[in-house]
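Residue-level structure breakdown
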Amino acid sequence: MSDKTFKLHNLDGSTISELPLVEGSMGPPAVDVRKIFADQGVFTYDPGFGATVSCSSDITFINGQEGVLLYRGYPIEQLAEKSNYMEVCYLLLNGELPNPTELEGFVDSITNHTMFNESLLRFYNGFHHDAHPMAMLSGVVGCLSAFYPGVDMHNAHDQMVFAHRIIAKIPSMAAACYKHSLGQPFVYPQNHLDYSSNLLNMFFSVPAEPYEVDPIAAEAMDLLFILHADHEQNCSTSTVRLAGSSGTNPYAAIAAGISALWGPSHGGANEAVLSMLAEIGSVENIDKYVAKAKDKNDPFRLMGFGHRVYKNFDPRATIIRKMCYKVLENLGQVDTPLFDLALKLEEVALKDEYFIKRGLYPNVDFYSGIIYKALGIPTSMFTVMFAIARTVGWVANWTEMMNAPSRRIGRPRQVYTGAVKRDYVGIDKR
Ligand code: SDX
């Protein structure tokens, strides 16, 4: 809490109320309105929560005007260049970078929890082969709450076991979704492989022949996982917090986060970007589609553009765009019409007053799909890749909420706009 206050005129024009300010270590302060209804008889109104703080958090900091993203204080650019996903997971969960012994112990624990209960595989067979992988993933992750009931949410050991289990198992469960969609047998995790290599092996190897993971693909996957690991109180993280605030099984809260991520306005945008680029088809059509995106009467939007917080640039998009060149070149995909189309679309949009005025720039989803496609990941699995990476962010936020000094169930209010009180009318009188 701060000793500064925020002056507010009362409804009846009487003397100003002074509301306390809550200040953090970085970023804007927040007006503490917790007592505003009790003291003033009014609510605060903020559909979409664009100006609403839901919690205090030590995990991730974003500055939307300056394109800053910090995980536990470390700039995303430095982590992308110097770290790896397992180290970033440890950092997000524990608040500090691990020493070699700590990292070895963490990786060992994750590696040895990658298998899931064999009977869970039967759930996959209940899905039709063309079920969307996100529908499958949210379903089977929710099922984990049946396999791991009775998590003591305030017990540090139980919290750690939950964290390690879900981070370790989510790639295996995601790969099983992909294999089910192909009608291929599930490939078990291999403990001699690192996290990203293991995922690629479970995706692309088949029992009938040996498979060699391309180290360049594994490196690109690891970097994409770092960039997608956490992002403050975004829609899916807020969903995990809200669901978790009721005290539900944490695996069920993660399943709720997966469902929220699936939407095209959120993590589902990476899949929607590829569909949009395919619909645009060629550079000649860019102007037509940019005009559609600006037309209020046209539901078409430039997927992968715009962000609730970033109004200049998404630092992750900048990193991924640079990565595209390297990955496509290393994978020998020199002829990349999709990447060329995306670059041209970005160039045209960023010169257009509509996008400039509204601060609409490419976000993390605009280029990520181009790399996933180059790695051989099918479009339908793009949001699943996002869910794998974001699981650590959801878990870190759930744990922080569980350990907060005052945890209350999330229960927003409303402004009621329906019918005023009226008496029932018998059917014979209607
Ligand atoms: C992610 O929150 C996070 O941190 C999310 C995320 C994470 O890591 O967790 O960063 C990941 O979800 C990235 C966002 C992926 N979604 C998309 O790319 C979908 C396309 N983007 C839009 O749907 C939109 O930009 C949102 C959903 C991302 C943001 O929506 P806001 O903040 O509610 O903004 P808005 O809808 O109020 O738009 C403001 C204006 C409107 O025009 P006006 O009413 O001012 O005339 O900008 C326009 C919108 O019509 N606009 C767009 C647009 N995005 C906003 N116009 C055309 N194309 C777009 N993409």
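Residues numbered from 1 in each chain as written. Predicted model: local features only at pLDDT ≥ 70, side-chain atom pairs only at ≥ 80, totals over all residues. Heavy atoms only, no water.

Thoughts on the sheet that holds strand β6 (residues 74-75)
The condition that has to hold: Two strands qualify as a pair provided that DSSP identifies no fewer than 2 bridges between them. Helix and strand assignments come from DSSP, with helices taken as H or I runs of at least 4 residues and strands as E runs of at least 2, each series counted from the N terminus.
Here three strands make up an open sheet; going across it, the order is β4-β5-β6 and the pairing antiparallel. In this open sheet, the two strands that pair with only one neighbour each are β4 (60-63) and β6.

Quick look at the state of the cysteines
Any covalent bond linking the sulfur atoms of two cysteines counts as a disulfide. Quick reminder of the rule: Note on terminology: disulfide denotes any pair of cysteine sulfur atoms within 2.5 Å.
Applying the stated rule across the entire model yields zero disulfides. Residue Cys-55 stays outside any disulfide, its sulfur separated by 14 Å from that of Cys-235, the closest cysteine.

With respect to the packing of helix α13 (residues 286-294) against helix α15 (residues 337-349)
Test applied: Lines fitted to C-alpha atoms define the axes, with helix axes restricted to the stretch in contact, and inter-axis angles between N-to-C directions lie between 0 and 180 degrees. These descriptions rest on fixed angle ranges, namely under 35 degrees for roughly parallel, over 145 for roughly antiparallel, 65 to 115 for roughly perpendicular, and the rest for oblique. Here a crossing is taken to be left-handed if its near helix is turned anticlockwise relative to the far helix by less than a right angle, and right-handed if that turn runs clockwise. Residue contacts follow a heavy-atom distance rule, with two residues in contact if any of their heavy atoms lie within 4.5 Å.
Axis separation between α13 and α15 bottoms out at 10 Å; the angle between their running directions is 55 degrees. Overall, the two elements α13 and α15 adopt an arrangement that is oblique. In this structure, the crossing between α13 and α15 has a hand that is right-handed. Note on element contacts: α15 touches α13 through Leu-341, Lys-344, Leu-345 and Val-348, opposite Ile-286, Asp-287 and Val-290.

Some points on unusual backbone geometry
Negative phi characterises most residues that are not glycine, and trans characterises most peptide bonds. The backbone of Arg-72 sits at a positive phi, close to 50 degrees, despite the residue not being glycine. In this structure, Arg-72 sits in the loop between β5 (68-71) and β6. Positive phi, close to 60 degrees, is recorded for Glu-232, a residue that is not glycine. The topology assignment puts Glu-232 in the loop between α9 (215-227) and α10 (235-244).

Notes on helix α4 (residues 100-111)
As a reminder, the rule being used: Expected helix span is taken as 1.5 Å per residue step, with the number of steps being one fewer than the number of residues. Only protein chains enter the calculation, and the probe is 1.4 Å; a residue is then buried if its accessible area is under 20% of its type maximum, exposed if over 50%, and partly exposed in between. By the criterion applied in these results, polar contacts are pairs of N or O atoms within 3.5 Å in which, for protein atoms, one can donate a hydrogen and the other can accept it, and in which residues neighboring in sequence qualify only through two side-chain atoms.
Taking 1.5 Å of rise per residue, twelve residues should cover 16 Å, and α4 covers 16 Å from first to last C-alpha, within 8% of that figure. Looking at α4, one finds that the buried residues are Leu-103, Phe-106, Ser-109, Ile-110 and Thr-111. Contacts made by the buried residues of α4 are with α3 (85-94), α7 (156-182) and α8 (195-204). Where α4 begins, the capping side chain belongs to Asn-99, and its oxygen is found 3.0 Å from the backbone nitrogen of Thr-101.

Considerations on the packing of aromatic side chains
Condition: Between the rings of Phe, Tyr and Trp (Trp by its six-membered ring), a pair exists once the centres lie within 6.5 Å; its type follows the angle of the planes, with under 30 degrees stacked, over 60 edge-to-face, and the other angles tilted.
Scanning the entire structure with this criterion turns up 23 aromatic pairs. With 6.3 Å between their ring centres and 70 degrees between their planes, Phe-123 and Phe-147 make a pair best called edge-to-face. Of this pair, Phe-123 sits in helix α5 (residues 121-124) while Phe-147 sits in helix α6 (residues 133-147), and the two are 24 residues apart along the sequence. On the accessibility criterion, Phe-123 (38% relative accessible area) is partly exposed. Residue Phe-147 is classed as partly exposed on the basis of its relative accessible area, which comes to 25%. Here a set of aromatic residues connected by ring pairs shows up, and it is made of Phe-305, Tyr-325, Phe-339, Tyr-354, Phe-355, Phe-366 and Tyr-367.

Concerning the site of the ligand
As a reminder, the rule being used: We define proximity as follows: a residue is near a molecule or strand when any one of its heavy atoms falls within 4 Å of that partner. Computed with a 1.4 Å probe, the accessible areas rest on the Shrake-Rupley method; for each residue, only the protein chains presented here act as cover. Lys, Arg, Asp and Glu make up the charged group, whereas Ala, Val, Leu, Ile, Met, Phe, Trp, Tyr, Cys and Pro make up the nonpolar group; the residues left over, Gly among them, are polar.
As a matter of local geometry, the ligand sits amid 25 residues, with His-231, Gly-304, His-307, Arg-308 and Arg-316 nearest to it. In the environment of the ligand, an oxygen atom lies 3.2 Å from a nitrogen or oxygen atom belonging to the side chain of Arg-358. Its free accessible area being 1,100 Å², the ligand has 78% of it covered by the protein chains. Along the lines of polarity and charge, the residues of the shell around the ligand split into nine nonpolar, nine polar and seven charged.

As for the domain arrangement of the protein chain
Interface size is commonly expressed as the accessible area that is lost once the parts come together. What counts here: Domain segmentation is taken from an automatic or database assignment of domains.
As assigned here, the protein chain comprises domain 1 (5-59), domain 2 (68-266 + 389-402) and domain 3 (269-374). For domain 1 and domain 3, the distance between their C-alpha centroids amounts to 37 Å.

With respect to helix α11 (residues 250-261)
The terminal C-alpha atoms of α11 lie 17 Å apart, and with twelve residues this matches the ideal 16 Å at 1.5 Å per residue to within 8%. Among the twelve residues of α11, nine are classified as buried, and the element is accordingly described as predominantly covered. Residues Pro-250, Tyr-251, Ala-253, Ile-254, Ala-255, Gly-257, Ile-258, Ala-260 and Leu-261 constitute the buried set of α11. Residues of α11 that are buried in the fold lie against α6, α7, α10 and α18 (382-402). Structurally, the start of α11 carries an N-cap: the backbone nitrogen of Tyr-251 is 2.8 Å from a side-chain oxygen of Asn-249.

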